[in-house]
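Fold and contact review
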Amino acid sequence: MRRANVLPGFRLSLGYTLVYLSLLVLIPLGGLVLKGASLSAAQFLDIAGSERALASYRVTFGASLAAAAINAVFGLVVAWVLVRYEFPFRRQIDALVDLPFALPTAVAGITLATLYSGNGWIGRFLEPAGLKVAFTPLGIVVALTFIGLPFVVRTLQPVIEDIESEAEEAAASLGATRAQTFVRVIFPALFPALLTGFTLAFSRAIGEYGSVIFIAGNMPLVSEITPLLIISKLDQYDLVGATVLATVMLAISFVLLLAINGLQWWAARRHSGEADAPPEPARPVLPPDVAYRPA
Amino acid sequence: MKKPLRLALLAAAIAAAGAPALSRAEVALLNVSYDVARDFYKDYNPLFQKYWKTKAGESIELKQSHAGSTKQVRAVADGLEADVVTMNQATDVEFLADKGLVARDWAKKFPGNASPYTSTMVLIVRKGNPKGIRDWGDLAKPGVQVILPHPKNTGNGRYSYLALWGYALRQAGGSDKSAQEFVGKVLRNAPLFAPGGRDATTTFMQRKIGDALSTFECEAELIAREFGRGEFEVVYPSVSVLAEFPVAVVEKVVDKKGSRKQAAAYLEYLWSKEGQENAAQNYLRPRDPEVLKKYAAQFPAIKTFSVDEAFGGWGKAFPAHFKDGGSFDQAFGTK
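Looking at the overall build of chain A
In terms of regular secondary structure, chain A is built from 13 helices and 0 strands. Helices and strands in chain A line up, N terminus first, as α-α-α-α-α-α-α-α-α-α-α-α-α. Expressed as a percentage of its 295 residues, the buried residues of chain A come to 36%.

The structure is reproduced here in structure tokens:
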């Protein structure tokens, strides 16, 4: 039962996809796991469960979650403003959102460290208030928030564009308050895309190294991220130790991403289920997985 | 729109692939080096090219690659075709010897442990030295913060660490135990560990964090050029570690490329008067006593101990202090 497709070449493109994914993703990751598998379980756990490694997982995943959550809230605001309002320099501000993509991460890290250190433009106001950002775990969150911003904004923008303002008007005419309109009409439509943006920002943050090390302070047990420990192991020519940490990161990330995907699938189903109820099928088309689309 | 773009990309790719083949001189040497050696070799390479042209009548192309030294030797081990490596730590050359790329007795191939110049660790303090820092010992005082790069991950940080440790060993009643205690005290006073030498400098000089910066003597001059001479003072401690910068011919590569003669001459020339003067001009201490004397004004006398003397070589110092579970990790009470 082959469905007719506008574009021919299914086999060719599937083969290409498989080869491409294998070469770029599966084989390197497989090699990683294999290298780590050369150890006995006890040795593996000893490296993966060392005090420093455990502290670094907490820092890495904690800061990444915090940064992705901040981005989810403020990225939504930014995306909403950029799509829904007309104001001077809107296009220029829109372009600014992509800067964290383009800037070399080390440059971002050095710049943020300088801005947020005690005598920097921002740090000089924060430190007298008792808020130390640069060279503390908080600095890591700042760097990760910076690099994650475009993921949320760019994922949400096309979806916000697709929400027809008629839906809001209808809600208003049926007596919904503005808060109700947002919570019951707009937010459910945005939620899957918001989760996608959150996931992208989160996964990007977990692996981030270049910007973080310049602002983190890198103190053992306090502000060391797991990628730094991996580099440290490589500097000791301890390839196996490095792969152990990498495997652990991969496993945690995979489980977390799976959980978020599950949540997304649930949200998408729930939303479409609700929207199916009215007889008029005027709902915006929302694929469960809104692919990242740069504007 | 799409087609011309694709054609242009294809053309660019072909051009990029073909370009090196066209521009090749008679011989080309690749020198894989550590990060901050850029300035030194930028000055040295034209000197050697001139020398080689008159001596062998051959024009030679010299290519440089600079990055963190451990990263660099790993690239060489993975197949980067370096004719020579010029590093800032014996461990890195030793790694290549273990892989069979460099002669086992590389340290004996050239004079002075195959290190054409040396440097040492000094302290940079704020103008007027408000905390009265005169020696390594002052860094353990409460309220004194030292800035240094990460001792586990950077060459600069490791030398700083060994300077502290060696200083403690040389105090009355000094032992590994007292050294561990002293170094731990200093490190726990550190507000951060910078990811690299230059970033430590930026943190200290520009962000004004910390009371003292531990760094190579040659960096002090660069700081003066960058931030102005009146902005800081250099403190020469009572004793410090001798930093050696070993060089070696990559045997496997020169045999394959047939560039052994040129590669060996390139390194040998580092010990010539011109090479030694170039080192001095880059604020690296020349091995040649006459050249050192000539530049005595910029190299104050300082007592130093080499890593071989104080620690039995990098082969012992590295695992004892910088490997996981070594003395650095113990200072933070972790494994």
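On we go.
A few points about the packing of helix α3 (residues 51-84) of chain A against helix α8 (residues 137-162) of chain A
Residue and element names in this part refer to chain A. For the pair α3 and α8, the least separation of the axes is 5 Å and the interaxial angle reads 40 degrees. Classified by the angle their axes make, α3 and α8 are oblique. In this structure, the crossing between α3 and α8 has a hand that is right-handed. Residues belonging to the contact of α3 with α8 are distributed by class as follows: 22 nonpolar, 6 polar and 2 charged.

Points about the interface of chain A and chain B
Across the boundary between the two partners, chain A contributes 21 residues, which contact 20 residues of chain B. Looking at side-chain class alone, the side of chain A that touches chain B contains 8 nonpolar, 10 polar and 3 charged residues.

Here's the deal with the domain arrangement of chain B
All names here are of chain B. On domain assignment, one finds that chain B holds domain 1 (26-116 + 245-296) and domain 2 (118-243 + 302-331). With 13 residues of domain 1 at the interface, the matching set in domain 2 holds 10 residues. Counting residues per element, the side of domain 1 that touches domain 2 draws most heavily on helix α4 (residues 90-98), which supplies 3 residues. Classifying every residue of the side of domain 1 that touches domain 2 gives 5 nonpolar, 6 polar and 2 charged.

Some remarks on the nonpolar core
Ranked by size, the top nonpolar core spans 152 residues in total, and within it Ile215(A), Val84(B), Val85(B) and Val250(B) carry the most contacts. The biggest single contributor to this core is α8(A), with 13 residues. Non-local contacts of Val84(B), meaning those with residues more than four positions away in its chain, are made with Leu29(B), Asn31(B), Val247(B), Ala248(B), Val249(B), Val250(B), Ala263(B), Tyr266(B) and Leu267(B).

Here's the deal with the pairing of strand β2 (residues 60-66) of chain B
All names here are of chain B. Sheet analysis places strand β1 (residues 27-33) next to β2, joined by 7 bridges and oriented parallel. Pairing of Leu30 across the sheet is with Lys63, part of β2. A crossover links β1 with its parallel partner β2, the connecting element being helix α2 (residues 38-56), and its sense is right-handed.

Describing the sheet that holds β1(B)
The strands that make up a sheet are held in pairs by hydrogen bonds between backbone atoms, and each pair lies either parallel or antiparallel. All names here are of chain B. Strands sit in the order β2-β1-β3-β10 across an open sheet of 4 strands; the sheet is mixed. Every other strand in the sheet has two partners, leaving β2 and β10 (247-249) as the edge strands with one partner each. Each strand axis lies, on average, 20 degrees off the axis of its neighbour in the sheet, ignoring direction. Where helix α12 (residues 260-268) meets the sheet, it contacts β1, β2, β3 (84-86) and β10, and its direction lies at approximately 170 degrees from that of β10.

Some words on the packing of α8(A) against helix α10 (residues 178-207) of chain A
All names here are of chain A. Closest axis-to-axis distance for the α8/α10 pair is 8 Å, and the angle between their directions is 155 degrees. In terms of axis orientation, α8 runs roughly antiparallel to α10. Taken as a pair, α8 and α10 cross one another with a handedness that is right-handed. On α10, the residues touching Leu144, Ile147, Gly148, Phe151, Val152, Thr155, Leu156, Val159 and Ile160 of α8 are Leu190, Ala193, Leu194, Thr196, Gly197, Phe198, Leu200, Ala201, Arg204 and Ala205. Across the contact of α8 with α10, the residue classes break down as 14 nonpolar, 4 polar and 1 charged.

Thresholds applied
- In this convention, every chain numbers its residues from 1, walking through the sequence in written order.
- Chains carry letters from A onward and ligands carry numbers from 1 onward, assigned in written order.
- Local features in this predicted model are restricted to residues of pLDDT 70 or higher, and side-chain atom pairs are both shown and tallied only at a pLDDT of 80 or more, whereas totals for entire chains, interfaces and linings draw on every residue.
- Under the DSSP-based scheme used, a helix requires at least four consecutive residues in state H or I and a strand at least two consecutive residues in state E, with every element numbered from the N terminus.
- To assign burial, the other C-beta atoms lying within 10 Å of each residue's own C-beta are counted, with C-beta atoms placed from the backbone; 20 or more indicates buried, 12 or fewer indicates exposed, and intermediate counts indicate partly exposed.
- Under this scheme, a helix contributes an axis fitted over its contacting stretch, all axes are lines through C-alpha atoms, and angles between N-to-C directions fall in the 0 to 180 degree range.
- The labels follow the angle: roughly parallel below 35 degrees, roughly antiparallel above 145, roughly perpendicular from 65 to 115, and oblique for the rest.
- Definitions for this section: a left-handed crossing has its near helix turned counterclockwise from the far helix by less than a right angle. A right-handed crossing has that turn clockwise.
- Polarity classes work like this: nonpolar for Ala, Val, Leu, Ile, Met, Phe, Trp, Tyr, Cys and Pro, charged for Asp, Glu, Lys and Arg, and polar for all others, with Gly in that last group.
- In this description, any two residues whose backbone-derived C-beta atoms lie within 7 Å of each other are considered to be in contact.
- Throughout, the edges of the domains are those of an automatic or database domain assignment.
- One nonpolar core equals one set of buried Ala, Val, Leu, Ile, Met, Phe, Trp, Tyr and Cys residues connected by C-beta atoms within 7 Å.
- Two strands are said to pair when DSSP picks up at least two bridges between them.
- The definition of a right-handed crossover adopted here requires that, viewed with the strands pointing away, the path from the first strand over the helix to the second runs clockwise.

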